[in-house]
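Letter by letter, the chains look like this.
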Amino acid sequence: MPESVEDNSAATAENSGQPELRRRRDLRRADGENPAVRTGTMPVVNPRSIPAEPSEAPARPAPPRSSSWAQAAEAADERFGNPATGATPVISQVPAAPRPPVAPPTSAAPAVPQEPEELAVPDAAAASVPPQPTRATRSASRAAALADAPMPDFISSPGLFVREQKPRPVGGFRGALYNLTGGSLNLGPSARQREEDELARRISRQLQGSYNTAVLSLKGGIGKTSTTVGVGLTLAEYRGDPPCAIDANPDSGDLVERALGEGIYQQQAPRTISDLLRNVESIDSLTALARYMHHAGRLHLIAGEQDPEVSDSLTAEEYLRIRKLISGYYSVALTDCGTGVTHNAMSGILQSADNLIIAAGYAVSGAKRARSTLHWLASHGYEDLARNAVVVITDKDEVSSRVDKDAIEDHLSGICRQLIAVPHDRGVADGDLVTLDSLRPETRRAYREIAAAIVDGYV
């Protein structure tokens, strides 16, 4: 072990050579100096020679700065302990600071244990603050609320999962703007289009069962058959199930000719209601029934008897048999009756009818006959049919300007459920083929109103 820094520095300054160091070492040996102090050899210490320290010895002051490694090591052993000797570090034996004495409680004021300062709450504040629920309590409350609340699903609440789409405008300025912008600018349908959509909704309603509407009048030539064809084609256009029209006119009715055209009907096999009656017992399917039907698009028709000697022979019982057969395959049926209400089949028609269409015209005689028809129905046990009837006034021929149309409409509107006027249209005035494409927009709208009023009477 070299000497202290100071001695070493002085020796180095005087002579840094090796002979001088050897000479000084020899002098120290001659003088009898302990070589352990100079060489750094640690003296052997007997653990038994170290006195036992008291359990609560006072903290020792920090040792003075040593001048050798052995002294530094001894000081370190005293402070932190030596594993070889089993000495206990002095820092672990420092006693804890004594607590200040607590005065004994007096008899006047009994001692009350004090809460920590940060947790102490005044009595008034503690009373006003409700206890906070724990996390487990909050979780249980949320679980109970979710269990009690009804859960929406795709069946009972589909509107919660799908955004409602605004209807597309058709025609007019709104429709043109929608087409020009590729659908990005949608002003919605106009008021007129909304009315048309409402009519379509009323016509296309699903029905539970089979219903029959009779079209009749007391005077011929005022639009009874043309109304049956126009309304039948309209029902076929909007409804999911095809309607059926029956020609029960005893006076050689021309229902099928007006729906198909005279030439097409003559080219087909003339199957009439009489042929259907002869084989009604053998018909057990719609396929078998179709052999006796005619088709104008989706409108199915049963032709009337063209032979005058046979046509008037249709009885009420025979008509009821036809009606019963039709009710098994069609939800809506229209019956084109003959002129008047007293012929043989009329009692069966009125008995099976769910509502009526009374055909009338703007002529004074036509309006009077329509009113007389309603009075006759009410006085012969068909008061409900008369009260819920739909009166259709067709401007068959352009009447004289001297006729007050408003007065005629007011005269009839108070004794029926609804009155609808069909404007003059050459597509129904000439007595030939009736097609929706050949009709004016006002005429087609009138037929839509009639069809909607008919379905309204079913529900």
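Residues numbered from 1 in each chain as written. Predicted model: local features only at pLDDT ≥ 70, side-chain atom pairs only at ≥ 80, totals over all residues. Heavy atoms only, no water.

Q: Could you give an account of the confidence of the model for the protein chain, naming the residues involved and the relevant values?
A: Residue-level pLDDT values for the protein chain average 76, and 64% of them are 70 or greater. Counting interchain partners and residues more than four positions distant, the pLDDT-below-50 stretch residues 35–41 has 10 contacts. (pLDDT = per-residue confidence, 0-100. Contact = heavy atoms within 4.5 Å.)

Q: Describe in detail the sheet that holds strand β3 (residues 294–296), supporting the description with residues and values.
A: Across the sheet, 8 strands lie side by side as β3-β4-β2-β5-β1-β6-β7-β8; this open sheet has mixed pairing. Two strands close off the open sheet at either side, each with one partner strand: β3 and β8 (418–422). Taken pair by pair, the neighbouring strands of this sheet meet at an average axis angle of 25 degrees, ignoring direction. Sheet analysis places strand β2 (residues 244–247) next to strand β5 (residues 332–339), joined by 4 bridges and oriented parallel. Each residue of the ladder has a partner; that of A245, found in β5, is L334. Along the sheet, helix α21 (residues 441–456) makes contact with β1 (211–217), β5, β6 (355–361), β7 (390–394) and β8, crossing β8 at roughly 160 degrees. (Pairing = 2+ DSSP bridges. Helix = DSSP H or I, 4+ residues; strand = E, 2+ residues; numbered from the N terminus. Axes fitted to C-alpha atoms, helices over the stretch in contact; angles between N-to-C directions.)

Q: Kindly report on the packing of helix α8 (residues 191–203) against α21, identifying the contributing residues and their values.
A: Relative orientation of the contacting elements α8 and α21 amounts to 45 degrees, with a least axis distance of 8 Å. Overall, the two elements α8 and α21 adopt an arrangement that is oblique. Read as a crossing pair, α8 and α21 show a hand that is left-handed. On α21, the residues touching R192, E195, E196, L199, R202 and I203 of α8 are R445, R448, E449, A451, A452, A453, V455 and D456. (Parallel < 35°, antiparallel > 145°, perpendicular 65-115°, else oblique. Left-handed = near helix turned anticlockwise from the far one by under 90°.)

Q: Run through the packing of helix α17 (residues 364–379) against helix α19 (residues 405–413), naming residues and quoting values.
A: Between α17 and α19, the least distance of the axes is 10 Å, while the angle of their chain directions is 5 degrees. Our classification of the angle between α17 and α19 gives roughly parallel. Of the residues in α19, those in contact with A367, A370 and R371 of α17 are I408, H411 and L412. A breakdown of the residues in the contact of α17 with α19 according to their chemical character gives 4 nonpolar, 1 polar and 1 charged. (Nonpolar A, V, L, I, M, F, W, Y, C, P; charged D, E, K, R; others polar.)

Q: Could you give an account of a nonpolar patch on the surface, naming the residues involved and the relevant values?
A: Residues F173, L185 and L187 make up a contiguous nonpolar surface patch of about 310 Å² in total accessible area. If you trace the backbone, L187 turns up in the loop between α7 (172–180) and α8. (Patch = residues over 30% accessible without salt bridge, like charges linked within 9 Å, V, L, I, M, F, W, Y side chains within 5 Å. Areas by Shrake-Rupley, 256 points an atom, 1.4 Å probe, with all protein chains shown as cover. Salt bridge = Lys/Arg side-chain N within 4 Å of Asp/Glu carboxyl O.)

Q: Quick rundown of α7? Include the residues and the values.
A: Of the residues making up α7, those classed as buried are G175, L177 and Y178. For α7, the angular spread of the buried residues around the axis is 165 degrees, confining them to a single face. Exposed and facing more than 90 degrees away from the buried side of α7 are G172, F173, N179 and L180. Where α7 ends, the next residue or the one after it, G182, has phi of about 65 degrees, a positive value. (Buried < 20%, exposed > 50% of the residue type's maximum accessible area, 1.4 Å probe, protein only. Arc of directions from axis to C-beta.)

Q: An account of the pattern of salt bridges is requested, with residue identities and associated values reported.
A: As enumerated under the stated definition, the model contains 16 salt bridges in all. With a shortest N-O distance of 2.9 Å, R448 and E196 are connected by a salt bridge. In this pair, R448 is assigned in helix α21 and E196 in helix α8, connecting sequence segments 252 residues apart. Judged on exposure class, the residue R448 and its partner E196 are both buried. For the salt bridge of E442 with R440, the shortest nitrogen-to-oxygen distance reads 3.7 Å. R440 gets classed as partly exposed once you look at its relative accessible area, which sits at 38%. By sharing partners, the salt bridges in this structure join E195, E196, R445, R448 and E449 into a single network.

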